[in-house]
Each structure stands twice: as C-alpha cells, then as structure tokens.
Amino acid sequence: MSQLLFFSLSILTILSALVVVFTRKPMYSVLSLIVCFFTIAGHYILLNAQFLAITHVIVYAGAIMVLFLFTVMLLNLNAESDQPKSGKLRIAAMVAAGMLFVTLVASIKSTTLGEFSLPPASDNGFVQHVGQRLFTDYLLPFEISSILFLSAMIGAVVLSKKEKH
Amino acid sequence: MYTLIYTCGLGLLCLVAEILNLRKLLIPVILAGLAAIFFVNYMDWQMAGPVILGGIDMSHMLQVDHFAVAFNAILIGAAALLFTLSGNFYKDEPQHLSDYLAILIFILCGAMVLTSFTSLVMLFLGIEIVSISLYIMAGSRKFDIRSNEAGFKYFLMGSFASAILLFGIALIYGSAGSFELPKIAAYAAASGMANPMFLVGSLLMVVALLFKVAAVPFHFWSPDVYEGSPSLVTTMMATLVKISFFAAFYKLMSGGLLGIDGYTSDILVLVAAATMIIGNLVALTQDNFKRLLAYSGISHAGYMLLAILSIKTNSSSALFFYGASYMLATIGAFAVAIPVFNATGKETIDAFDGLGRKKPMLAGLLTMSMLSLAGIPPLAGFLGKYYIFSEAIKNGYVVLTVLAVLASIVGVYYYFKVILAMYTKHGDESDVRPTMLYTLVMLICVGLSLLLGVWPGGLMGII
C-alpha cells in the first residue's frame, strides 16, 4: 500500500516538476509548482514527518506560492514575452547542467549508504519531538536564525518604504 | 559565545535608538559597545571552555577556540574602523542611519558565527545572515540604478550559491549521517574517498564557498557588485565579509574535509592558479577604482587559497596574518577614496589626478595602502604574502608559489597606476576634505600596517 503511494506520489512530483520547467506560460509553472510542493508534503507524511509536511504546505504552497502568483499577475508575465536566448548561451547552459546531472546521478548510483541509526518511527516528526529537539540540541541555531529574519525584515522595510527622491 | 550574544544585543540597541530618537549618540555608543565586545572576546582567549546556552552544552554547534577568538578580534576591529567611517558617509540619510547600522552589526554577528561554527547548520545560518544583509546593503541606495543592479545581481547569484551549498550539505549529511564537523571529519578520514556521494557533496560545498569568496571562475558578480554598491558597503564586502568567509572555508576544510584532502586539493590548485592569473591580468585594464579593488580582491583571494591548500601544516596563522594585513590596507585605501569620490563626483582612477599636489598627506597614506596591497616591504602586505608562500612551499606547491610571485609582480603595475595618477597628473581644483575621523582611520590603518610589517610577532603565530 505505502509502496504504491510512494510510486504514484513520485511520478506526480516528477511530472509536475517537469511541467514547471517546460511550460511556456509562467502561470502554469506556478500552478504546477504548487502540485509539486503538495506531493513532496505527501512524501514527508510517508516518512512520518507530519510537522515538516504541515509547515511545508503552509510556508511553501501557502505563503511563497501566493507571493509568486501575485508577482506573475502584477507584472503581467502571463504573455509569452520572453526573448529567445542566444544559441551559444543555450548550449553552454545545457552542457554545464548536463555535466552536473551526470555527475550527481553517477555518484548517487555508485554510493552504498552506510548504517544509519534512525530513531524509532513512532518518535519521529511529531510536533512534540521536533519541539524538544529544537529547544535542546538545536537551541543555538534556533535563536540565531531570529537574527537572520530580523535582518531580512528590516531590509524589506528599508527597501520598500515610500519616500521622496 | 557571549561575544556573539552581545553583538546581537548591540544590533537590537541600534534599532531601539531609532524609536528613542538617539541618532546623534548612535555611533559613539556602537564604538563603545564594540570596544566592550572586543574585551569580552579577549576574555574568551584566557578560558576557552565549552559553549553553554541556557544550561545546555552547545559545543556541537559552536566552538570558541583560539582560532575563533583571534578572527573575531580582527573582525571586531575592522567593524570598528568601518563604523567610524559610517557617520560621515550616511550624513545625508539620517532617517535610515539606525537601520543601516543595525544591518551592518548583524553582518558582524553572521561573521562571528562563521569563525566558530562546528555544525553545518551554523555554517549555513552564518552565511545566510551575512549574505542576506549584504544583498540589502548593496541595493540600499534606492534611487541609484547601479546600486539597484548591484543588489539584484548579488541577490540572484548569491541565492544560487546558497542553494548549491545546501545541496552539498544534504549530500554530506546523507553520507556521513551528521552535521557536526568532528563526525564528518571522522567519516571523511575513514571512508570519504570511497564514497562518491560524499565527494560530490564536498565539491558542491567548496564551489559555493569559492563563489562567496569570489574566486575564478565564480567571480563574475564581484566587480559589478563592488562597483554599484555604496562605497562603505563595498569596503565591508572586501574586508570583513571576505575574511570571515575565508575563516569559515579554512575551518570547513581543516575541521571537516581534511580526510579527502587528495580530492579537494586538485580542485583548489586549479582554482587558485586561475584566480591569481585572471584576477591580476583583468585588473590591469580597469579604470574604475572600485572595480580595480574588486579584481585586486579576487587576486588576493587566490593568494589566500594557498593558505587553504596548506592546511596540513596548520597555516591558520599565515591566513590570519594575511587577512589582517589585507583588511588594514583595503580599509585604509577606501578611507582615502571615499572623500575623494565625494569631492570629485566620480569613482574612476582619474579622480585621484593631482592629489599628490593638493593633499600630500592623503596621497602619501593612499600610496602606503597601495604598496601594502602590492606586497612591498616594509609593509604588512609583504610579510603576509611571505608567510603564505612559505606555507605553500612547505606543502610542496612550488610551481603554484612561483606563479603567485609572478602574479603579484603583475599586480604591482596596477597599484602603481593609482599612485602615478596622484603624483604625475594634473587634476581639477576640487577640494578634498576628509573629516577628522576619516583621517584618524587612515592613520590607524597605515600605522598598523607599518607596525605589523616591522614587528609581525604581534599577530603572527598567536593562533
């Protein structure tokens, strides 16, 4: 049962990711990216990471995608207005990305993973356990990330505040 | 540990000062705060213990050792010099002063995380704090199209580099099973070379860090961003941020990836050679001062990569000394350049025309900074190069070192272009008037460069 779920989710993920890249209309890209995020959230649930799945849906499929949609609509990008890229650039990009792809696939294929001591599946991924780790082992990064967000927030205000020239 | 917390606190204080309307006092308060933080940091030198936060041992995230304390000290020093310059630099935008200064302090926080991380989580957070703050500061001159370009370009390229870094971290976590440097080091030594996924993960991480330090072929953003950003932000990027990224790079290579040295050093040799050659050769054709210093920064990144290559003989002292001398020379150069840019209204090398006749002292100080960057004795830049080159030779990189020496001889030519412009050409009658504080910063930078050049024991060999 879960194997069937895994495969159907994976196929959906890959298909929607391909649509994101290959479709010409930005709006379709954004919409299929939402599908992609939801299927990835499904993967997290299969891995027993419920908290991560929920935050993934709220943050990515919710907040960030709404932002993307707004940008696409506000800038009226839906028209097919992109100029064709020059041939040289295309070939260079294809060669570089293709080389990275081959390297990644080859390296992951020829890797034998070592022994992992995963915590028991029942303990994983629930809010309680995530919270416990966050406020003990990962307390410092948790606190430091507030500096990151604060800095980004000030930046957003400074850059977007309306003012006289 | 407390160094970091107090620095964050200082940043918050800046924001509160805006509400309380204490803008006039802001810069003296920040400088006093930095002095206090410097002292707190010095206390850590005496008793480097485990990092405790809220009663929990955080040593697996952050480790305060002599390496971290020493680098923090020069970062705080550089920040103090930059904040001394900032008062006059932002005098036309008092409404933004506290926001800008707060972001600059947060950059210092991120840099401190980078010098002392022991977990890849902290490495990523440190890099992001520094980078995101810099994207904002690069684009902070809203009505200047070049500043917009700089911010946007840096943001797009930097985001890709961060994504590559994260991908690398994920692959390393997948193969080593941990984010912590000691565990990764143990895995790398035991079976790193036999695991392609681990190697590709390290490759991606190295690439991302090479992007951040602007090494060839990942340097294309640097001249444009340096040119477009406000000069003070450019100074920060070229000094504080670059050195902190190098500290992080060194820590990652020596503390985590030493076991796969045979793999990474092949890449780094090529990158270092390309960085030194291309950085110096392209700098020859520049006529914008900030672009010139951007390419000079690229070539200096190439020399510092030699120190990263020599991790086996513990080259951290050489890197530290080089970083300090490079920072002093670059801040000294910009402290002269900013008033000159303001007076002449242009940022090209011919802005300096005739400065030797108009203001002999300024010209003399800029000459000293340029000579230190070029690596001419008795200034600190010479000894910095000497230490790094001798470390490289100790590790058997003779050909690379010869190349580095040749490249730095080429470098002398373009540093002299500025010096010649000051002394042999006639400029317009624009009046260059640096404030007292600018003169003070110039004198401190050049004085310390001279001091370190004749008495390197002050900084060399303390790590």
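Rules behind the numbers
- Residues numbered from 1 in each chain as written.
- Chains lettered and ligands numbered in written order.
- Predicted model: local features only at pLDDT ≥ 70, side-chain atom pairs only at ≥ 80, totals over all residues.
- Helix = DSSP H or I, 4+ residues; strand = E, 2+ residues; numbered from the N terminus.
- Rg over C-alpha atoms; globule rule 2.2 N^0.38 Å.
- Buried ≥ 20, exposed ≤ 12 C-beta atoms within 10 Å, placed from the backbone.
- Contact = placed C-beta atoms within 7 Å.
- Expected span 1.5 Å × (residues − 1).
- Core = buried A, V, L, I, M, F, W, Y, C linked by C-beta atoms within 7 Å.
- Domains from an automatic or database assignment.
- Axes fitted to C-alpha atoms, helices over the stretch in contact; angles between N-to-C directions.
- Parallel < 35°, antiparallel > 145°, perpendicular 65-115°, else oblique.
- Left-handed = near helix turned anticlockwise from the far one by under 90°.
- Nonpolar A, V, L, I, M, F, W, Y, C, P; charged D, E, K, R; others polar.

A.B. asks: Run through the overall build of chain B, naming residues and quoting values.
C.D. replies: Within chain B, the regular secondary structure consists of 18 helices and 2 strands. For 463 residues, the compact-globule estimate of 2.2 N^0.38 gives 23 Å, and chain B sits close to it at 21 Å. Projecting the C-alpha coordinates of chain B onto the three principal axes gives extents of approximately 65 × 55 × 45 Å. The buried share of chain B, reckoned over its 463 residues, is 60%. Contacts in chain B between residues at least 24 apart in sequence constitute 80% of all its contacts with a sequence separation of at least 6.

A.B. asks: I'd like a rundown of the overall build of chain A, residues and numbers included.
C.D. replies: In terms of regular secondary structure, chain A is built from 6 helices and 0 strands. In chain A, the succession of α and β elements from N to C terminus is α-α-α-α-α-α. The 165 residues of chain A split such that 12% are buried. Sequence-distant contacts in chain A: of pairs separated by 6 or more residues, those separated by 24 or more amount to 56%.

A.B. asks: If you had to explain the environment of B:His60 to someone new, which residues and values would you point to?
C.D. replies: All names here are of chain B. Within the fold, His-60 resides in the loop between strand 2 (56–57) and helix 3 (66–89). On the basis of neighbour count, His-60 is assigned to the buried category, with 21 C-beta atoms found within 10 Å. C-alpha of His-60 to C-alpha of Leu-181: the two residues are 121 residues apart in sequence and 8.3 Å apart in space.

A.B. asks: Lay out helix 11 (residues 261–283) of chain B in plain terms, naming residues and giving numbers.
C.D. replies: All names here are of chain B. For helix 11, built from 23 residues, the straight-helix expectation of 33 Å at 1.5 Å per residue is met to within 8% by its first-to-last C-alpha distance of 31 Å. Turning to helix 11, its buried residues number three or more, namely Thr-264, Leu-268, Val-271, Ala-272, Ala-273, Thr-275, Met-276, Gly-279, Asn-280 and Ala-283. For helix 11, the elements touching its buried residues are helix 8 (196–212), helix 10 (231–255), helix 12 (289–309) and helix 17 (398–424).

A.B. asks: With reference to specific residues and values, describe the interface of chain A and chain B.
C.D. replies: The partner chain B presents 33 residues to the 23 residues of chain A that form the contact. If one sorts the elements of the side of chain A that touches chain B by residue count, helix 6 (residues 139–160) of chain A sits on top with 13 residues.

A.B. asks: Break down the nonpolar core for me, with residues and values.
C.D. replies: Counting 196 residues, the largest nonpolar core has B:Leu75 and B:Leu306 as the members making the most contacts within it. Looking at this core element by element, the count peaks at 18 residues for helix 13 (residues 316–344) of chain B. Aside from chain neighbours lying at most four places away, what touches B:Leu75 is B:Leu108, B:Ala111, B:Met112, B:Leu240, B:Ile243 and B:Ser244. Within the second largest apolar cluster, 7 residues are counted, among which are A:Cys36, A:Phe37, A:Ile40 and A:Ala53.

A.B. asks: Which residues make up the domain arrangement of chain A, and what values go with them?
C.D. replies: The assigned domain composition of chain A is domain 1 (1–79) and domain 2 (126–165). The gap between the C-alpha centroids of domain 1 of chain A and domain 2 of chain A is 24 Å.

A.B. asks: Account for the packing of helix 2 (residues 23–46) of chain B against helix 4 (residues 97–116) of chain B, naming residues and giving values.
C.D. replies: Residues and elements named next belong to chain B. The geometry of helix 2 relative to helix 4 is characterised by a closest axis approach of 10 Å and an angle of 20° between their N-to-C directions. Relative to helix 4, the element helix 2 lies roughly parallel. As for the relative orientation of helix 2 and helix 4, their crossing is left-handed in sense. Touching Arg-23, Leu-26 and Ile-30 of helix 2 are Leu-97, Ser-98 and Leu-101, all from helix 4. Per-class residue counts for the contact of helix 2 with helix 4 are 4 nonpolar, 1 polar and 1 charged.

A.B. asks: Account for the packing of helix 10 of chain B against helix 13 of chain B, with residues named and values stated.
C.D. replies: Residues and elements named next belong to chain B. The N-to-C vectors of helix 10 and helix 13 enclose an angle of 175°; their axes lie 9 Å apart at closest approach. On the basis of their axis angle, the class for helix 10 and helix 13 is roughly antiparallel. Only Ser-316, Leu-319, Gly-323, Met-327, Thr-330, Ile-331, Phe-334, Ala-337, Ile-338 and Phe-341 of helix 13 make contact with helix 10, whose side of the interface consists of Ser-231, Thr-235, Ala-238, Thr-239, Ile-243, Phe-246 and Tyr-250. Broken down by class, the residue content of the contact of helix 10 with helix 13 amounts to 11 nonpolar, 6 polar and no charged.

A.B. asks: Tell me about unusual backbone geometry, and name the residues and values.
C.D. replies: Residue and element names in this part refer to chain B. Here the residue pair Val-216 and Pro-217 is connected by a cis peptide bond, since its omega of 5° sits within 30 degrees of zero. If you trace the backbone, Pro-217 turns up in the loop between helix 8 and helix 9 (221–228). A cis amide bond links Pro-377 with the next residue in sequence, Pro-378, at an omega value of 10°. Examined against the element boundaries, Pro-378 turns out to sit in the loop between helix 15 (360–374) and helix 16 (380–394).

A.B. asks: Account for the environment of B:Ile308, naming residues and giving values.
C.D. replies: Residues and elements named next belong to chain B. In this fold, Ile-308 is placed in helix 12. Assessed through the 26 C-beta atoms surrounding it within 10 Å, Ile-308 is described here as buried. Distance from Ile-308 to Met-193, taken between C-alpha atoms, is 19 Å for residues 115 residues apart in sequence.

A.B. asks: Which residues make up helix 2 of chain B, and what values go with them?
C.D. replies: For an α-helix, 3.6 residues make a turn, and residues three or four places apart therefore share a direction. Residues and elements named next belong to chain B. Over its 24 residues, helix 2 runs 36 Å from end to end, which matches the ideal 34 Å to within 8%, given 1.5 Å per residue. For helix 2, the set of buried residues is Leu-26, Ile-27, Ile-30, Gly-33, Leu-34, Ile-37, Asn-41 and Asp-44. Contacts from the buried residues of helix 2 go to helix 1 (2–20), helix 3 and helix 4.

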